[in-house]
Amino acid sequence: MSKPLLSVSGLGISTVQDPRTLVSSVSFEIMPGEAVGVVGESGSGKTLTALSILGLLPRGVAISSGLINFDGTDLTKADSETMRNLRGSDISMVYQDPMTALNPVMKLGHQLLEVIESHEKLNDRSIARVEAALREVGIPQVERAMESYPHEFSGGMRQRVMIAMALILSPKLLIADEPTTALDVTIQQQILALVSEERRKRKMSMLWITHDLGVVANLVDRLIVMYAGNIVEAGTVQEIFSNPQHPYTYGLLSSLPSRADKSRKRLTSIPGVPQKPWLVGNTCAFAPRCFKATADCTASAPKLVGTLEKSVACFHPMGDE
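The structure displayed is predicted, hence computed values, not measured ones. Every chain is numbered independently, its residues counted from 1 as its sequence is written. Selection of residues for local features in this predicted model requires a pLDDT of at least 70, selection of side-chain atom pairs for listing and counting requires 80 or more, and totals for whole chains, interfaces and linings are taken over all residues. Just so you know, side-chain values use all the structure's heavy atoms and leave hydrogens and water out.

Describe helix H8 (residues 185-202), with residues and values.
If you check H8, its first and last C-alpha atoms are 26 Å apart, about what 18 residues at 1.5 Å a residue would give, namely 26 Å. Relative accessibility under 20% of the residue-type maximum defines a buried residue, over 50% an exposed one, and the middle range a partly exposed one, all with a 1.4 Å probe and only protein chains included. For helices the rule is a DSSP run of H or I covering at least 4 residues; for strands it is a run of E covering at least 2, with both sets numbered from the N terminus onward. By the burial criterion, the buried members of H8 are Gln188, Ile191, Leu192, Leu194, Val195, Glu198 and Arg199. Across the axial projection of H8, the buried residues extend over an arc of 160°, all falling on one side. Facing away from the buried side of H8, by more than 90 degrees, are the exposed residues Thr186 and Arg200. By definition in these notes, contact holds between two residues if any of their heavy atoms fall within 4.5 Å. Where H8 is buried, its residues contact strand S3 (35-39), helix H5 (126-136), helix H7 (155-167), strand S7 (173-177), strand S8 (205-210) and helix H9 (213-216). Under the convention used throughout, the expected extent of a helix is 1.5 Å for every residue step, that is, one less than its residue count. The reported arc concerns the directions from the helix axis to the C-beta atoms and nothing else.

Could you give an account of the sheet that holds strand S6 (residues 91-94), naming the residues involved and the relevant values?
The eight strands lie next to each other as S6-S7-S8-S3-S9-S10-S12-S11, forming an open sheet whose pairing is mixed. One side of each edge strand has no neighbouring strand; the edge strands of this open sheet are S6 and strand S11 (305-306). For two strands to count as paired, DSSP must find a minimum of two bridges between them. Pairing analysis gives four bridges linking S3 to strand S9 (residues 222-227), with the strands arranged parallel. If you follow Val36 over to S9, its bridge partner there is Arg222. Fitting a line to C-alpha atoms yields each axis, with helices limited to the stretch in contact; the angle taken between N-to-C directions then spans 0 to 180 degrees. Contacting S6 and S7, H7 crosses the sheet at an angle of about 175° to S6.

Lay out the nonpolar core in plain terms, naming residues and giving numbers.
For the purposes of this section, nonpolar cores are sets of buried Ala, Val, Leu, Ile, Met, Phe, Trp, Tyr and Cys residues that join through side-chain atoms within 4.5 Å. Grouped together as the largest cluster of nonpolar side chains are 60 residues, with contacts concentrated most on Leu134 and Trp208. At seven residues, the largest contribution of residues to this core is made by H7. With sequence-adjacent residues up to four places away left out, Leu134 is seen in contact with Leu112, Ile139, Val142, Ala145, Met146, Val161 and Ala164. In this structure, Leu5, Leu54, Ile68 and Ile231 belong to the second largest nonpolar core, which totals 34 residues.

How would you summarise the environment of Ala101 if you had to cite specific residues and measurements?
When you line up the elements, Ala101 lands in helix H3 (residues 98-101). Separated by 60 residues in the primary sequence, Ala101 and Glu41 have C-alpha atoms spaced 22 Å apart. Each residue touching Ala101, except ones within four places of it in the same chain, is listed here: Tyr95 and Met162.

Please set out the pattern of salt bridges residue by residue, giving values where relevant.
The working definition used for a salt bridge is a side-chain nitrogen of Lys or Arg within 4 Å of a carboxyl oxygen of Asp or Glu. In this structure the tally under the stated criterion is 14 salt bridges. Glu34 is the partner of Arg222 in a salt bridge, and the nearest nitrogen-oxygen pair spans 2.7 Å. Of the two residues, Arg222 sits in strand S9 while Glu34 sits in the loop between strand S2 (21-30) and S3, which places them 188 residues apart along the sequence. According to the relative accessible area criterion, Arg222 is buried, its value standing at 8%. A residue is classified by how much of its surface remains accessible, and Glu34, at 12% relative accessible area, is buried. Of the charged contacts, one joins Arg289 and Glu41 as a salt bridge, the two residues approaching to 2.9 Å between their closest N and O atoms. Of this pair, Arg289 sits in the loop between helix H11 (247-254) and helix H12 (295-299) while Glu41 is found in the loop between S3 and helix H1 (46-54), placing the two residues 248 residues apart along the sequence. Among the residues examined, Arg289 registers a relative accessible area of 8% and is labelled buried. Through salt bridges with shared partners, a single ionic network connects Glu136, Glu198, Lys201 and Arg202.

As structure tokens, this is what we get:
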């Protein structure tokens, strides 16, 4: 059995001043060629977890515990030079907003050449590599695109450029942080199909972050559901969608519109708002919003138990009467 490409164990992330826990005891693995999705509402710790892998946490926020092992290297102990060499070449990231992720005063061709130059010397083939990368993600008239500025492209085209930039050095792991959020539905589907095809061709691992379960249904192999800085459920896509165990996962799935429902009834919603992770304490963070909560849920915090195919952190999982 092959070893995990990425192994995150007991990851904790906190603020530096006036310490507040933002992510607590997060553990998961990504195998070579595997795609894993992380879902949850805003503030659940999805993006912070991803940024910790790249060593790009915001100022004033730091890893407080745990290990991040990438292909044999503990990233929590890696120096800045090691991390700089890994970013872009072995681990790449596609950011959420294509409107602001690109440098507005640099031509697109120069921005892609800069990615290559940060890891190797430019040569006679560098421009051809950039043109090939743009062509591969469906950018028309690549010679014109090379001389264009970001504002001359639509949001969907800019996101394709971002994907080309992330893939140009053939990374082992691609991290995508809600890259379709700012795009309309038609363009979303095009970007999802593009990323799925590129991952298949390159046999690349992927960590896809989103708040929309519907987006990842046909894109990833396994799902991780986060709430208030903790993993509350994890498992294969088939298991999560067909048999959700945590009431939070059940609520997220219930809020998705169904194409079979012609009555256009009001969508189901989860009452209340997410708790701040640092205010949870030793309780179930979802208890104030949960229809199955009992005294047990406010007396202690449930542990994540189960198998790789399905694990849940809940005292009263769905179906357990």
